[in-house]
4 protein chains.
Amino acid sequence: MAGADGQGDGYRYERGREKARDAARVETFSDGVFGVVLTVMAVELLQSGPAREGGRELPDALAHAWPSYLAFVITFAIAGQVWLAHHNLWRYVVRVDQMLLVLNLLVLLFIATIPFTADLLSDNLRGGATEQRLTAALYLGTVLGESLFVNLSWWWARRRGLLNPALDPRLARAVARRILLKPFLYLLAFAVVFVDPILSLCAYLLLVAFYLVGGPGDLRPSADRSAA
Amino acid sequence: MAGADGQGDGYRYERGREKARDAARVETFSDGVFGVVLTVMAVELLQSGPAREGGRELPDALAHAWPSYLAFVITFAIAGQVWLAHHNLWRYVVRVDQMLLVLNLLVLLFIATIPFTADLLSDNLRGGATEQRLTAALYLGTVLGESLFVNLSWWWARRRGLLNPALDPRLARAVARRILLKPFLYLLAFAVVFVDPILSLCAYLLLVAFYLVGGPGDLRPSADRSAA
Amino acid sequence: MAGADGQGDGYRYERGREKARDAARVETFSDGVFGVVLTVMAVELLQSGPAREGGRELPDALAHAWPSYLAFVITFAIAGQVWLAHHNLWRYVVRVDQMLLVLNLLVLLFIATIPFTADLLSDNLRGGATEQRLTAALYLGTVLGESLFVNLSWWWARRRGLLNPALDPRLARAVARRILLKPFLYLLAFAVVFVDPILSLCAYLLLVAFYLVGGPGDLRPSADRSAA
Amino acid sequence: MAGADGQGDGYRYERGREKARDAARVETFSDGVFGVVLTVMAVELLQSGPAREGGRELPDALAHAWPSYLAFVITFAIAGQVWLAHHNLWRYVVRVDQMLLVLNLLVLLFIATIPFTADLLSDNLRGGATEQRLTAALYLGTVLGESLFVNLSWWWARRRGLLNPALDPRLARAVARRILLKPFLYLLAFAVVFVDPILSLCAYLLLVAFYLVGGPGDLRPSADRSAA
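Bear in mind the structure is a predicted one, so any value in this text is a computation, not a measurement.

Before going further, it helps to examine the overall build of chain A. When helices and strands are tallied, chain A shows 8 helices and 0 strands. Beginning at the N terminus, the succession of helices and strands in chain A can be written as α-α-α-α-α-α-α-α. Among the 228 residues that make up chain A, the fraction classed as buried is 61%.

As structure tokens, this is what we get:
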């Protein structure tokens, strides 16, 4: 049923350039959520931060609040890296369908939860082993959920032919393998919590750094140069 | 008075591609509001959440705060579904007028209120029957208001010829019928509160799921596939 | 010095389509600020609202908090109307310069202050006459500041030839007269505070309604219809 | 390896117009963060502002809270000026690579921290000399970090050929020199804290004004006029 793009049921509706606008709007909307998540932790610093602590001297209060800063930096790093991955994956998406939008909403649901679980985690870094492991597990759940739906989004986009037809299928597979690796690395970073909770957080940051250096599907500095 | 697009009163002003930009800007602006609404509940979790509760043990405090999580998930589900519907409807809008913008602002007014009424509702899930019904009724008011102005927007856009002329009028009518059904389903989900308030919330989630599977006017996976 | 578009100083740089992108980015950025302002009051309801009031019964607490709802609705109405006006004015802008961006930032500065002064005003509706007049004057200051820089933006854009050349100069003048009227109407609405503060708020809402019905420079339903 | 735009590793993927969309998405996302930062201080005013102070008379409470207003205005001025600079620089960017995105995220990390450090600074304007200098140094750190990564972004974009090829290399160098000057001016404004902390804040505002009047790389009113 060629031409019935956008709906079935026998309705006619020819669409042309709206496709690109569809994908662009999903990006704009997602960027709104990412933008708020990236700045929420700073608002949190502002509102419950050291400036509000009564009894201490300022230098002490500032130093004492280091887990808040750590939570801010880690949330920013994780959410920033997921934004980058989102940006890199959606560059290849030229059409969207209802299911892809729903999967994207589920990615955003877990992204929006990161500040909460990151804050819980940082609040309990000085707590007992039970608190540390419980909050680390909750944090893991958030990033695993995000990772799961990113993987499902890509799998769906590949299966339904929503990607740019000019995209090399081998590259699409390489991207799929690379993002499939991520939940396992998250699990590894979580496991370190049984050794030391602060080491575990550093492992998450290492993981982010690993994905920032680039790989299949990322915008490559060197390739861009050689193409110039 | 052909050519006097955008104003009457005898002023000349030829407009071409600005029309599409008009509609795109409304989407961008609406997406900003949706994005904040989707993340606001997470900020709320962060600020008044279990991490701030003093006297309890952490696992207890976390478990005790389940209504906050429920409010977060339901707000995200409702607002996410409305975003999806907004996205699907606005794909067909190619021109805007003052009234459509005002109707869209009124949709956003009710969207922005959802976190507040959802939070009220979740706070009173463990309260008496009066509190449960009052807060459920307030919540219903918010989603009914949103639904009313979505229906008015579509009706206005159809009546004033603001939709893509290539859109099948039968499809436009099918979309109108489908979104007209929504307030009645909201009322049904509300009525369940007299049986059990938690069941009522689950009914809202069911309703969201029903609209997510797709129907006339939605981006259809199968249609997109057959067109490929 | 033809062709030296975007800078002087003897540097060569040919620019083509970036102009439209420039104006579009200003709109996107402004929409981000508007979106946050529109939802901020809802967050405020959520955080200091009736749900948090301890000693009262819920129906009482909800009824007692009516000034918060009023502040929410008025902020939404004012900011929504300014967004609409911004949307209508920027439709005609095809180029931007540094000064226009600065003037736009100053508009946004006052827009961002509206929630604060609206909240102050609503908090003092039940206070003494001094509090009522002081907070009403502060609120007036915010909307006058916004109005001033909207007027300056339009004046600058007209004077520097940043508007669409196809725009009828008589229309540009009519728009200028119409937005120049606004600060005087704001002053009128403020003066009512000496009679009754709640009446004064209603006068602001009336003023918003007056600008929503449309006039020169607005998207006109009838014109759009006749052009169809 | 011509044509392998966007990745190396031997995958083929021809890209055309996506490049411009890439750069546009980075702007949209950054604008989301800027928009939240610009309004966050207003939310802060709302939530911990004079309206919440118990024991004082309202006029007193409002007057006493002047450091909060100062922090709001300075944050708005600094973040607004950085937005303007970001806008001016990104006008010339036509391609992005992974590293440029990471550098841009790091700019945003420091931008998101400005409200926190500005608030700390304003809270301690009436404190002792230690508090004043410590908070002024933290504030300096934030703006220096932002400035550092803006400089690195521009240097990278020039070195990797990500700028518009039509851009005069002399202009690119002039822009580089101008933004390199900024951290030194920040240091100067900081040094004034040893004389008087309020004078130091005024020096920051002066610095913002200096960058607002325009220079190489900025949108120039006069040039735009002469080109018309």
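Moving on: the side chain of B:Thr113. As for its position among the elements, B:Thr113 is in helix H4 (residues 98-123). On the accessibility criterion, B:Thr113 (14% relative accessible area) is buried. Within the local environment of B:Thr113, its side chain forms a polar contact with the backbone oxygen of B:Leu109, the two atoms lying 2.6 Å apart. Aside from chain neighbours lying at most four places away, what touches B:Thr113 is B:Thr142 and C:Phe72.

Before going further, it helps to examine the packing of helix H5 (residues 129-159) of chain B against helix H6 (residues 169-191) of chain B. All names here are of chain B. At a closest axis distance of 9 Å, the pairing of H5 and H6 adopts a crossing angle of 170°. Relative to H6, the element H5 is oriented roughly antiparallel. Contacts between H5 and H6 involve Arg133, Ala136, Ala137, Leu140, Val143, Leu144, Glu146, Ser147, Val150, Asn151, Trp154 and Arg158 from the former and Ala172, Arg173, Val175, Ala176, Ile179, Leu180, Lys182, Pro183, Tyr186, Leu187 and Phe190 from the latter. For the contact of H5 with H6, the class distribution of residues is 16 nonpolar, 2 polar and 5 charged.

Residue and element names in this part refer to chain D. Running from amino to carboxyl end, helix H3 (residues 66-90) crosses helix H7 (residues 197-212) at an angle of 30°, the nearest separation of the two axes being 10 Å. Compared by their axis directions, H3 and H7 come out roughly parallel. Crossing of H3 against H7: the hand is left-handed. Of the residues in H7, those touching H3 at Trp66, Leu70, Ile74, Ala77, Ile78, Gln81 and Leu84 are Ile198, Leu201, Tyr204, Leu205, Val208, Tyr211 and Leu212. Residue classes in the contact of H3 with H7 are distributed as 13 nonpolar, 1 polar and no charged.

Residue and element names in this part refer to chain D. Its place among the elements puts Asp97 in the loop between H3 and helix H4 (98-123). Between the C-alpha atom of Asp97 and that of Leu162, which follows or precedes it by 65 residues, the distance is 8.0 Å. Within polar-contact distance, the side chain of Asp97 engages the backbone nitrogen of Leu100 at 2.9 Å.

Per the stated rule, a full pass over the model turns up 40 aromatic pairs over all chains. Centroid distance D:Tyr92 to D:Trp154: 6.3 Å. Interplanar angle 65°. Geometry classified as edge-to-face. Here D:Tyr92 is found in the loop between H3 and H4, whereas its partner D:Trp154 is found in helix H5 (residues 129-159), with 62 residues between them in sequence. Across the pair, exposure class does not vary: D:Tyr92 and D:Trp154 are buried alike. Through a chain of ring-to-ring contacts, the aromatic side chains of A:Tyr139, A:Tyr186 and A:Tyr204 assemble into a single cluster. Lying over the aromatic face of A:Tyr211, A:Lys182 brings its terminal NZ or CZ to 4.7 Å of the ring centre. Between C:Arg91 and the ring centre of C:Tyr92, over which it is positioned, the NZ or CZ distance is 5.0 Å.

What follows covers a nonpolar patch on the surface. A contiguous nonpolar patch, built from A:Leu148, A:Leu152 and A:Trp155 and spanning about 280 Å² of accessible area, is present on the exposed surface. Since its relative accessible area comes to 44%, A:Trp155 is described here as partly exposed.

We now examine the pattern of salt bridges. Residues and elements named next belong to chain A. Counted by the stated rule, this structure contains 4 salt bridges over all chains. A salt bridge links Asp168 to Arg170, with the shortest nitrogen-to-oxygen separation between them at 2.9 Å. A relative accessible area of 41% places Arg170 in the partly exposed class.

Overall, the relative accessible area of 1% leaves B:Tyr92 in the buried class. Put simply, B:Tyr92 and B:Leu162 are 70 residues apart on the chain and 8.5 Å apart in space, counted from C-alpha to C-alpha.

Take the environment of C:Arg158 next. All names here are of chain C. Looking at the secondary structure, you find Arg158 in helix H5 (residues 129-159). Between the C-alpha atoms of Arg158 and Pro169, which are 11 residues apart in sequence, the distance is 8.8 Å. Apart from residues lying up to four places away in sequence, Arg158 is in contact with Leu163, Ala172, Arg173 and Ala176.

Looking now at the side chain of B:Gln81. Checked against the element boundaries, B:Gln81 lands in helix H3 (residues 66-90). Excluding anything up to four places from it in sequence, B:Gln81 contacts B:Lys182, B:Tyr186, B:Val208, B:Tyr211 and B:Leu212.

Residue and element names in this part refer to chain A. The share of residues in chain A with pLDDT of 70 or more is 80%, and the mean pLDDT across the chain is 78. Element-level mean pLDDT values for chain A span from 38 in helix H8 (residues 221-227) up to 90 in helix H5 (residues 129-159). Residue range residues 221-228 is modelled with pLDDT below 50. Its contacts to residues more than four positions away, or to other chains, number 17 contacts.

Thresholds applied
Residues numbered from 1 in each chain as written. Chains lettered and ligands numbered in written order. Predicted model: local features only at pLDDT ≥ 70, side-chain atom pairs only at ≥ 80, totals over all residues. Heavy atoms only, no water. Helix = DSSP H or I, 4+ residues; strand = E, 2+ residues; numbered from the N terminus. Buried < 20%, exposed > 50% of the residue type's maximum accessible area, 1.4 Å probe, protein only. Polar contact = N/O pair within 3.5 Å; in protein donor to acceptor, adjacent residues only side chain to side chain. Contact = heavy atoms within 4.5 Å. Axes fitted to C-alpha atoms, helices over the stretch in contact; angles between N-to-C directions. Parallel < 35°, antiparallel > 145°, perpendicular 65-115°, else oblique. Nonpolar A, V, L, I, M, F, W, Y, C, P; charged D, E, K, R; others polar. Left-handed = near helix turned anticlockwise from the far one by under 90°. Phe/Tyr/Trp six-rings, centres within 6.5 Å; stacked < 30°, edge-to-face > 60°. Lys NZ or Arg CZ within 6 Å of the ring centre and 35° of its normal. Patch = residues over 30% accessible without salt bridge, like charges linked within 9 Å, V, L, I, M, F, W, Y side chains within 5 Å. Areas by Shrake-Rupley, 256 points an atom, 1.4 Å probe, with all protein chains shown as cover. Salt bridge = Lys/Arg side-chain N within 4 Å of Asp/Glu carboxyl O. pLDDT = per-residue confidence, 0-100.

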